[in-house]
Amino acid sequence: MESDSPLYSLESLFQEAPSQSSAPTWSEIAKPCHPAYVLKNFKHELSPYELQEILNYPEIYFISTPENKVKASRVYEYLDDNYHYIIKKGDHICYRYELDIFLGNGSYGNVVKAFDHKEKKYVAIKILKKDEDGDDEFMDGLALDEVKILKDIKQHNGRDSHVIEYLDYFMFRGHHCITFPLYEDSLYRYRKLHGTFSLSELKKIAIQILKGLKFLRERKIVHGDLKPGNILLNPRTLDIALIDFGLSCYETDPNLWMGLQTLFFRAPEVFLGIKYTGQIDMWSLGCILAYLYRGRYIFGGKNDYDQFWQICCILGLPPQTMIAQTSKESKKALFKRDLTPKENVIQRYTVEMFLQCEDEAFVDFVKKCFVYNPNERLTPEQGLLHPWIVNNN
């Protein structure tokens, strides 16, 4: 019968701790070591909370020094003001991972670079935040949905899918944690540092994204937040991997969530509150390619309302068939009662004018990503056969 008590009791572990002068240093001992050994020889290195917590970990690879850890007595002291886990360089996760630099943040979690002392390699750890209301049901649901999709991806992933595979999933101090292979950069950070991409570089990147979206389409997975920051990059080879499935879902889910996609990469059917498919990711791909080529967003609205009308001022109004399907909330927010626009739709410029590109095939590819009707929008399979992709120029 399993017990909720620690794996070991403090009383049974030691009677007298050796003097610090005679104790070995952490670098001198073999790892992993038993928590009893740590408590006997390195008790002075642990925080009050860790004195009990460490008993639940049968293998200890890393403990961090006192100056590199949060000196907590209770688990809630590891939270910042926004209920994110406090990331401190040199601290540990699960007495195995040594935290390094902060890699990025999102609405529901942070990502940190860490050294895995068991496998002797660097990884990325996504640490989800706690629920601000103290009820973790929402965050638990998000985490478990993401892990479900990650397991599906890992089970069916091929060598040429260009979708990240997770390494491990676990709980630590009440936070959901997922580890991934570490990449050097993202498309967003690389563009910020090095400027725009050439068309030949963009083509290599686009082919890999299309293969990734093709794989997801076969699994009926909607990524839901495709953007440059969620595409990892090896700058030397231009190899990429699609990441962050925190907002992902299956097309077959009965209640599709409408609060997905970052504003500048959001498809019109999401604004309209219409049932969507993985084709929203192809819209995002068009936005990504335009951004990487020109260095600015083709649709750069200040909010949901402004973003939708910026799209309309370039592409015109959506078809009446789509407008008729608009949800009540979106009708009220975007249209008058007779479903005519609240704004005067005046064409500011065209996709061609924005891109300012002489390669007609590239312009045509982007335009086909921006077809309003998702059933007529370019699919990943069609994209891989598009003249811009297949022609050697």
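Residues numbered from 1 in each chain as written. Predicted model: local features only at pLDDT ≥ 70, side-chain atom pairs only at ≥ 80, totals over all residues. Heavy atoms only, no water.

Can you help me understand the overall build of the protein chain in this one?
On a plain count of helices and strands, the protein chain comes out with 15 helices and 11 strands. Counting the 393 residues in the protein chain, one finds 48% classified as buried. Long-range contacts, defined here as pairs at least 24 residues apart, represent 61% of the contacts in the protein chain between residues at least 6 apart. In the form shown here, the protein chain has an accessible surface area of approximately 19,600 Å², with 49% of it arising from carbon and sulfur atoms. For the protein chain, the centre of its 48 positive side-chain charges and the centre of its 54 negative side-chain charges are spaced 4 Å apart. (Helix = DSSP H or I, 4+ residues; strand = E, 2+ residues; numbered from the N terminus. Buried < 20%, exposed > 50% of the residue type's maximum accessible area, 1.4 Å probe, protein only. Contact = heavy atoms within 4.5 Å. Areas by Shrake-Rupley, 256 points an atom, 1.4 Å probe, with all protein chains shown as cover. Lys, Arg positive; Asp, Glu negative; His and termini not counted. Charge placed at Lys NZ, Arg CZ, Asp CG, Glu CD.)

Please clarify how empty space enclosed by the protein should be interpreted in this entry.
Gaps between atoms show up when a probe of the same size as a water molecule is rolled over them. Throughout the structure, instances matching the rule amount to one cavity of 30 Å³ or more. As a volume, the largest cavity reaches approximately 60 Å³. In terms of lining residues, the largest cavity is bounded by Leu213, Leu216, Arg217, Ile221, Glu251, Gly278, Gln279, Asp281 and Pro380. (1 Å grid on protein atoms, 1.4 Å probe; cavity = no way out; pocket = protein on both sides within 12 Å on 5 of 7 lines; lining within 4 Å. Points joined across faces, edges and corners; volume = space filled by probe spheres on them.)

For this particular structure, what's the right way to read the pattern of salt bridges?
Side chains that differ in sign of charge can pair as their charged atoms come close. Inspection of the entire model under this criterion finds 19 salt bridges. Of the charged contacts, one joins Arg266 and Asp304 as a salt bridge, the two residues approaching to 3.0 Å between their closest N and O atoms. Of this pair, Arg266 sits in the loop between strand E11 (249-250) and helix H7 (268-272) while Asp304 is found in helix H9 (residues 304-315), placing the two residues 38 residues apart along the sequence. Within this structure, Glu50, Glu53, Lys69 and Arg173 form a network of salt bridges that share partners. (Salt bridge = Lys/Arg side-chain N within 4 Å of Asp/Glu carboxyl O.)

Teacher, can you tell me more about the nonpolar core here?
Where a protein is soluble and globular, its nonpolar side chains tend to be buried together. One finds Ile209, Leu216, Leu242, Leu289, Leu355 and Phe365 to be the most contacted residues of the largest nonpolar core, which totals 81 residues. At 10 residues, the largest contribution of residues to this core is made by helix H8 (residues 279-294). With residues up to four places along the chain from it excluded, the contact list for Leu355 reads Ala290, Tyr293, Arg294, Phe362, Val363 and Val366. Counting 30 residues, the second-largest nonpolar core is a separate cluster that includes Val38, Ile60, Cys94 and Tyr97. (Core = buried A, V, L, I, M, F, W, Y, C linked by side-chain atoms within 4.5 Å.)

Help me understand helix H5 (residues 187-194) in this model?
At 3.6 residues per turn, the α-helix brings residues three or four places apart onto the same side. Three or more residues of H5 are buried, namely Leu187, Tyr190 and Arg191. Each buried residue of H5 sits inside an arc of 100° when the element is viewed along its axis, so together they form one side. Among the exposed residues of H5, those pointing more than 90 degrees away from its buried face are Lys192 and Leu193. Contact partners of the buried residues in H5: strand E7 (185-186), helix H6 (199-218), strand E9 (231-234) and H8. Once H5 ends, the next one or two residues include Gly195, with phi positive near 90°. (Arc of directions from axis to C-beta.)

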